[in-house]
Each structure stands twice: as structure tokens, then as C-alpha cells.
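Breakdown of the fold
Each chain, letter by letter, is given below.
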Amino acid sequence: MKSKKPIIIITAFLSFLLLMLIVVYMINPQPVNTMMVEFSSMEKQGKHVYVEPDISEVTTTILLNDFEQSRERVSGFFEDLKDNPTLLFVQSPHALEKYAQKNRTGQTYYT
């Protein structure tokens, strides 16, 4: 009987941890959806850059050019970039609801 006690405690702890993860996801799914973006329908347009499939090719090109110019300006000022953020460009209400809290734009999630 003594050997089953640690197994029961570990099982209870893991079950509690899993339950907490499910509750956190149900309350606030956007950061998790953002972390799992590579498994979504978003189109990968470069390293760490995803664009909603419904965004036009012209708009996508403009966004990517703006992003590249921004990286060049920042790296010119700071000499070296240490972070590689993942950027998601969305415009539909469905995508905003899925990836942005309260449908606000320009959000940052630290993971």
C-alpha cells in the first residue's frame, strides 16, 4: 500500500496541472493560438512572419517591406538584434478574435 501513495500523489498533481492549463486556455486562448500559429491556416511569409490568407498579395508585399525596413532601422541603431519576434498580420474579425485579446491590434505576448 505504501508504494501506491507516491503514484497517487503524482497522478493527482499532474491531473491538477492539466486542469489548470485547460482553464487558462478557456479563459485566455489568444496567446496559445499565437504560439501555435505554425499549425494554423496562416501563411508563413518568412522566418517568424505569418499573414492571414485573405490578405491581398499587394498588402502582404507592403507589410513585408515595412517590416524589413523597420528591422534595418532598429539594427542600424542598436547594431545587433537579439530577438526574433513572431509577427502575425491579420485583418478579419475572425482572426482578430482568435489572435488578439478584445480584438485590439498591436499586441505583444511574452512566451
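Details of the structure are given in the entry above.
Residues numbered from 1 in each chain as written. Predicted model: local features only at pLDDT ≥ 70, side-chain atom pairs only at ≥ 80, totals over all residues. Heavy atoms only, no water.

1. Remarks on the overall build of the chain
Counting its regular elements, the chain contains 4 helices and 3 strands. When the helices and strands of the chain are listed from N to C terminus, the series reads α-α-β-β-α-β-α. For the chain, whose C-alpha radius of gyration is 20 Å, the value lies well above the compact-globule estimate of 13 Å for 111 residues. Each of the three principal axes of the chain carries a C-alpha extent, and together these read 65 × 35 × 20 Å. Evaluated residue by residue, the chain yields a buried proportion of 17% over its 111 residues. Within the chain, residue pairs in contact and separated by at least 24 positions form 52% of the contacts whose partners lie at least 6 positions apart. Surface accessibility of the chain: about 9,100 Å² in total, with carbon and sulfur atoms responsible for 61%. Computed over 11 positive and 12 negative side-chain charges, the separation of the two mean positions in the chain equals 19 Å. (Helix = DSSP H or I, 4+ residues; strand = E, 2+ residues; numbered from the N terminus. Rg over C-alpha atoms; globule rule 2.2 N^0.38 Å. Buried < 20%, exposed > 50% of the residue type's maximum accessible area, 1.4 Å probe, protein only. Contact = heavy atoms within 4.5 Å. Areas by Shrake-Rupley, 256 points an atom, 1.4 Å probe, with all protein chains shown as cover. Lys, Arg positive; Asp, Glu negative; His and termini not counted. Charge placed at Lys NZ, Arg CZ, Asp CG, Glu CD.)

2. Thoughts on the environment of S56
Inspection of the secondary structure assignment puts S56 in the loop between strand 2 (49–51) and helix 3 (57–78). Distance in space between the C-alpha atoms of S56 and Q30 is 24 Å, their sequence separation being 26 residues.

3. A look at the pairing of strand 1 (residues 43–46)
In this sheet, strand 2 lies alongside strand 1 in antiparallel orientation, the contact comprising 3 bridges. Bridged to K44 within strand 2 is Y50. Taking the residues that link successive antiparallel strands as the turn, the strand 1-strand 2 hairpin has 2 residues, and the phi of H48 there is positive, at about 70°. (Pairing = 2+ DSSP bridges.)

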